[in-house]
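These are the residues of each chain, in order.
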Amino acid sequence: MPTPSGGGAARPRAAEEPRVELELPLGAAAPFDLAAAVCSHGLFMMAPNRWDPAGRALVRPLRLASDSSVSFLARVSAHPARSDSALLVAVHGAAALSPLDQDHILEQVRRMLRLSEEDGKMVAEFQAMHPAAREAGFGRVFRSPTLFEDMVKCILLCNCQWTRTLSMATALCKLQLELKCSSSIEDFQSRTPPIREHNKRKRSKRQSVRVKLEARFSEDKLEGPRLASGGNGLTNLETYEILSCLPSVASEAIGPDDSLEPSELSLSNDPHLEGCISDFPTPEELANLDEDFLANSCNLGYRAKRIVMLARSLVEGKVCLQKLEEMRKMFVPAAEEASSVGSTYERLDKELSMISGFGPFTRANVLMCMGFFHMIPADTETIRHLKQIHKRATTISSIHQELDKIYGKYAPFQFLAYWFELWGFYDKQFGKISDMEPSNYGLFTASHLKKSKKLEEKQL
């Protein structure tokens, strides 16, 4: 078995259990806490990610470089022999992997866990400013193996309850499974309604309604903390996009079928799909789908159009994620280079603003996923946090001034300081997040947060 140039020796398993094990040296990232790196953001709860609280492992499909349509289930855990210096990436179902594919698998893991040399420098610099974060081992915020998945999930996090966010991500993976395991893409698309031209009159009416809503919310002030509307209110699609990486109000939990077993990650009882595993769909898999079909299949609502348009823009070359990633590498993540951080951020923000449906809040979260931590994406949960923890009453229009007063001293890592505080609050309220069973992720909501607060008040 060849040794990947990315650094790890590959060890094939017995024939009756096809699996390739890759070692991922941690290098300067050691000492490294896998649970802290994974269970650091709501993205880790969204399909096809699965955290195994008992085995302390991350399980999800990862794609090959040689054929991006092929996924293998990967299990990332501490190395049994060198837990302090390496991770073990077990690739299930693979009898062998080429050096190219091994490197690609490891690179996806590095991206999710932010294990690059640059990431390490940023973590070290932030922790030097923030002793409590250093003591807790906090500094890496989980993200997806690809920028495209991050972008789509940032869309899924907006303006809805947390259980719906979870169900939309799962539905997209189920759809990907159907696309992957159908006899052919053409076969599947023959069952997809043709892309239709929307009635201009209806579209005009929708635009008129949206203008009225935006005008209304630009004039209104937010009254008190509100994690989410819970179906009882609306938010401005551009200004009040609710990021449910803090889960929003919900009443139902994810079902008990959230298993970590490879066979159950197929997310389907269809015998024709036996042996397949679900992965997050690629731009190519989504670009040719009708937006109405996608909306109905995955309960995406207006998000379907944004996702399809993004996928088509990528497939047609109108948007280049590699270009965005290269632009990202131009900035210097150091406190003394704050002006460089800002200028690069502004250029990328402008590029993202030209993509349909990417409002300020969504863009800020995508840019956070890309490694910009000086800007805090503010929503109603931020307002609640400042009021409850810092005793500061604010509104969406004045929130950034207050955030700068509190977290400005941590520049250019204001987001990390804020998120350490906020995520620690959730950890305290809901119990150790890395110990939660996946079936309980749907309980990680504002309504349960209120119940917890009332219980504390009664005990006092």
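Per an unreviewed UniProt entry, the protein chain goes by HhH-GPD domain-containing protein and derives from Miscanthus lutarioriparius.

(A) Spatial organisation of the overall build of the protein chain. Helix and strand content of the protein chain: 18 helices and 6 strands. Put simply, the protein chain has 460 residues, and 53% of those count as buried. Accessible surface, the protein chain as shown: approximately 21,000 Å² in total, 51% of it carbon and sulfur.

(B) Representation of the packing of aromatic side chains in the model. A complete count under the given rule lists 13 aromatic pairs for this structure. Each ring, one from F138 and one from F420, has its centre 5.4 Å from the other, and the planes form 50 degrees; the classification is tilted. Of the two residues, F138 sits in the loop between α4 (131-136) and α5 (147-156) while F420 sits in helix α17 (residues 414-430), which places them 282 residues apart along the sequence. Pairing F415 with W419 gives two aromatic rings, centres 5.4 Å apart and planes at 20 degrees, and the pair type is stacked.

(C) Looking closely at the nonpolar core. If you look at the biggest cluster of nonpolar residues, it comprises 114 residues, and the most contacted ones within it are F44, L113 and L294. Excluding residues within four positions of it along the chain, L294 makes contact with L172, L175, L286, L289, N299, L300, A304, I307 and V308.

(D) Just the pairing of strand β2 (residues 19-25), in detail. Counting buried positions along β2 yields 6 of 7 residues, so the element is predominantly enclosed. When β2 meets strand β6 (residues 86-92), the two strands line up antiparallel, connected through 7 bridges. Along β6, the bridge assignment pairs E21 with A90.

(E) Structural detail: the environment of T395. Inspection of the secondary structure assignment puts T395 in the loop between α15 (380-390) and α16 (399-407). Each C-alpha atom of the pair T395 and R384 lies 9.9 Å from the other, and the pair is 11 residues apart in sequence. A distance of 2.9 Å separates polar atoms of two side chains, one belonging to T395 and the other to S397.

(F) Local environment of helix α3 (residues 117-129). The terminal C-alpha atoms of α3, which comprises 13 residues, lie 19 Å apart, in line with the 18 Å expected from a rise of 1.5 Å per residue. Every buried residue of α3 is listed here: D119, M122, V123, F126 and Q127. End-on view of α3: buried residues confined to an arc of 125 degrees, all on one side of the axis. Exposed positions of α3 whose direction lies more than 90 degrees from the buried face are E117, K121 and A128.

(G) Helix α11 (residues 303-315), seen in detail. Taking 1.5 Å of rise per residue, the 13 residues of α11 would be expected to cover 18 Å, and the 18 Å separating its terminal C-alpha atoms lies within 8% of that figure. Burial of α11 is extensive: 10 of the 13 residues sit out of reach of the surface. Backbone geometry just after α11 places G317 at a positive phi near 80 degrees.

(H) Structural detail: the packing of α15 against α17. In contact at an axis separation of 12 Å, α15 and α17 are set at 80 degrees when each is read in the N-to-C sense. In terms of their interaxial angle, α15 and α17 are classed as roughly perpendicular. For the pair formed by α15 and α17, the contact residues are E381, T382, R384, H385, Q388, I389 and H390 on the first element and Y418, E421, L422, F425 and Y426 on the second. In terms of residue class, the contact of α15 with α17 is built from 5 nonpolar, 4 polar and 3 charged.

What counts, and where the lines are drawn
Residues numbered from 1 in each chain as written. Predicted model: local features only at pLDDT ≥ 70, side-chain atom pairs only at ≥ 80, totals over all residues. Heavy atoms only, no water. Helix = DSSP H or I, 4+ residues; strand = E, 2+ residues; numbered from the N terminus. Buried < 20%, exposed > 50% of the residue type's maximum accessible area, 1.4 Å probe, protein only. Areas by Shrake-Rupley, 256 points an atom, 1.4 Å probe, with all protein chains shown as cover. Phe/Tyr/Trp six-rings, centres within 6.5 Å; stacked < 30°, edge-to-face > 60°. Core = buried A, V, L, I, M, F, W, Y, C linked by side-chain atoms within 4.5 Å. Contact = heavy atoms within 4.5 Å. Pairing = 2+ DSSP bridges. Polar contact = N/O pair within 3.5 Å; in protein donor to acceptor, adjacent residues only side chain to side chain. Expected span 1.5 Å × (residues − 1). Arc of directions from axis to C-beta. Axes fitted to C-alpha atoms, helices over the stretch in contact; angles between N-to-C directions. Parallel < 35°, antiparallel > 145°, perpendicular 65-115°, else oblique. Nonpolar A, V, L, I, M, F, W, Y, C, P; charged D, E, K, R; others polar.

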